[in-house]
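Chain by chain, the residues run as shown.
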Amino acid sequence: MESGGRSLPIDPLDVLRQRRSAKWQTYAKDVLPLTVAEMDVNLAPPVAEVLAEAVRRSDTGYGQATPDLGRAVARFAARRWGWEVDTAQVTGVTDVGVGVVELLRALTRPGDAVVISPPVYPPFFDWGPEAGVRLLEVPLASVDDGWRLDLAALERAFATHPAAYVLCNPHNPVGRVHAAGELADLVRLARIYKVTLISDEIHGPLVLPGATFTPLLTVPGAADVAVTVMSASKAWNLAGLKCAAVVTASPRLAADRLPPDTRWRVGHLGVLATVAAYTEGEAWLDDLLVTLDQRRTQLGRLLAIQLPQVTWHPPEATFLAWLDCSAIGPDDTARERFLDRGRVALEPGLRFGAAGSGYARLNFGTSEAILDEAISRMATALE
Ligand SMILES: Cc1ncc(COP(=O)(O)O)c(C=O)c1O
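Novice: Before we go on, may I ask you to explain the sheet that holds strand E11 (residues 320–324) in this structure?
Specialist: Within a sheet, adjacent strands bond to each other through the backbone by hydrogen bonds, running parallel or antiparallel. Here 3 strands make up an open sheet; going across it, the order is E11-E14-E13 and the pairing antiparallel. The open sheet is flanked by E11 and strand E13 (347–348), the only strands paired with a single partner. In this structure, E11 lies alongside strand E14 (residues 359–363), joined through 5 bridges in antiparallel fashion. Note that in E14 the partner of Leu320 across the bridge is Asn363.

This is the structure:
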């Protein structure tokens, strides 16, 4: 049973198991997959309708992102965050990964250094090398209330003149929503040391009650040094439809530097679904955030009672929990035990960088019942 009036319904496990996405195909049938970042909620009705209508019309050709995607992004950004986006500076791309790689190719030279801050979403380690640059790791700082950008260490790294910094805002896997003041400091450093900021804001709409999201391009002075890549794919669960947007705000960084064929690589159904999500999906998003907030509270309660060996800082955004399981063992020990004995799959912490030793990432974008079952199985696995 779901509690709370605006909580979104989620199908039972036997129905979810009929999904054919990667999350549901990777593990044996008796394993609860709390892994890859997709949610178990049903589609937002306006999104489901636009997709069904497209299929009814056999409207499955190439995508056309201009001008609808730009308008939808701009209106959503203005309403939600007070961020004025110039529709002419929005470019559709296949997904966030493609957007970041193409931006790195356009804005750096082969062999340049590009900074990332682990623990971070694993493809951050791949995107740079794919674009021909080398990575410079400046880990997040672990502080009393969680993880933050280490601005002093970033300044030392920026002083060596890397070409770019790929920011994760909000930050997966730790769920940190970078504060406006921190982002202002980051922009100041980027301007001083001439480092281009590429901000991955895919989790921006998933900021949970209690935190405030600051789009990087709303920070004064950011326009000349920063580019944002955003997508509706996390918040509305559209990852398979392949649509994201690069947003720029200055001619120097204008997205017309991206290869011209990029626009043909956007998923048509992705564009339709994204426009519907940003335009008509905000009430559903608000209900989703209520649901995720309930799940976050539930997870805290379950961990405290059943798995006190595992500690965490509740995330300020996302449906991902970064669990410190180091009391159980180093590296992947806990995660392997949860999988082998408990039949619950989590993401191994080490995939997010060396700082992830002893950690695992749990996806709580699921039902109350599945989360209950998962934590109870994980607790039994440690007995
Ligand atoms: C921070 C971050 N960026 C990008 C992605 C993937 O986005 P896409 O599928 O659009 O490349 C994810 C997926 O979880 C993510 O967490």
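There's more to say after this.
Novice: Would you take a moment to explain the site of the ligand for this structure?
Specialist: Near the ligand, the surroundings consist of 13 residues, among which Val96, Gly97, Asn172, Asp200 and His203 are the closest. Between the ligand and the protein, one listed contact pairs an oxygen atom with a backbone N or O atom of Val96 at 2.8 Å. At 3.0 Å from an oxygen atom of the ligand is found a side-chain nitrogen or oxygen belonging to Lys234. Considering the ligand on its own, with 400 Å² of exposed area, one finds that the protein chains cover 93% of that surface. For the shell around the ligand, the class distribution of residues is 6 nonpolar, 4 polar and 3 charged.

Novice: Can you walk me through the packing of helix H4 (residues 68–81) against helix H10 (residues 282–306) in this structure?
Specialist: When two helices pack together, you describe them by how their axes are tilted relative to each other and by the distance separating the axes. Running from amino to carboxyl end, H4 crosses H10 at an angle of 50 degrees, the nearest separation of the two axes being 13 Å. Taken together, the axes of H4 and H10 are oblique relative to one another. In the packing of H4 onto H10, the handedness of the crossing is right-handed. Contact residues: H4 offers Phe76, Arg79 and Arg80, while H10 offers Glu282, Leu285, Asp286 and Leu289. Class assignment for the residues of the contact of H4 with H10 results in 3 nonpolar, no polar and 4 charged.

Reading guide: rules and limits
- Residues numbered from 1 in each chain as written.
- Predicted model: local features only at pLDDT ≥ 70, side-chain atom pairs only at ≥ 80, totals over all residues.
- Heavy atoms only, no water.
- Pairing = 2+ DSSP bridges.
- Helix = DSSP H or I, 4+ residues; strand = E, 2+ residues; numbered from the N terminus.
- Near = heavy atom within 4 Å.
- Polar contact = N/O pair within 3.5 Å; in protein donor to acceptor, adjacent residues only side chain to side chain.
- Areas by Shrake-Rupley, 256 points an atom, 1.4 Å probe, with all protein chains shown as cover.
- Nonpolar A, V, L, I, M, F, W, Y, C, P; charged D, E, K, R; others polar.
- Axes fitted to C-alpha atoms, helices over the stretch in contact; angles between N-to-C directions.
- Parallel < 35°, antiparallel > 145°, perpendicular 65-115°, else oblique.
- Left-handed = near helix turned anticlockwise from the far one by under 90°.
- Contact = heavy atoms within 4.5 Å.

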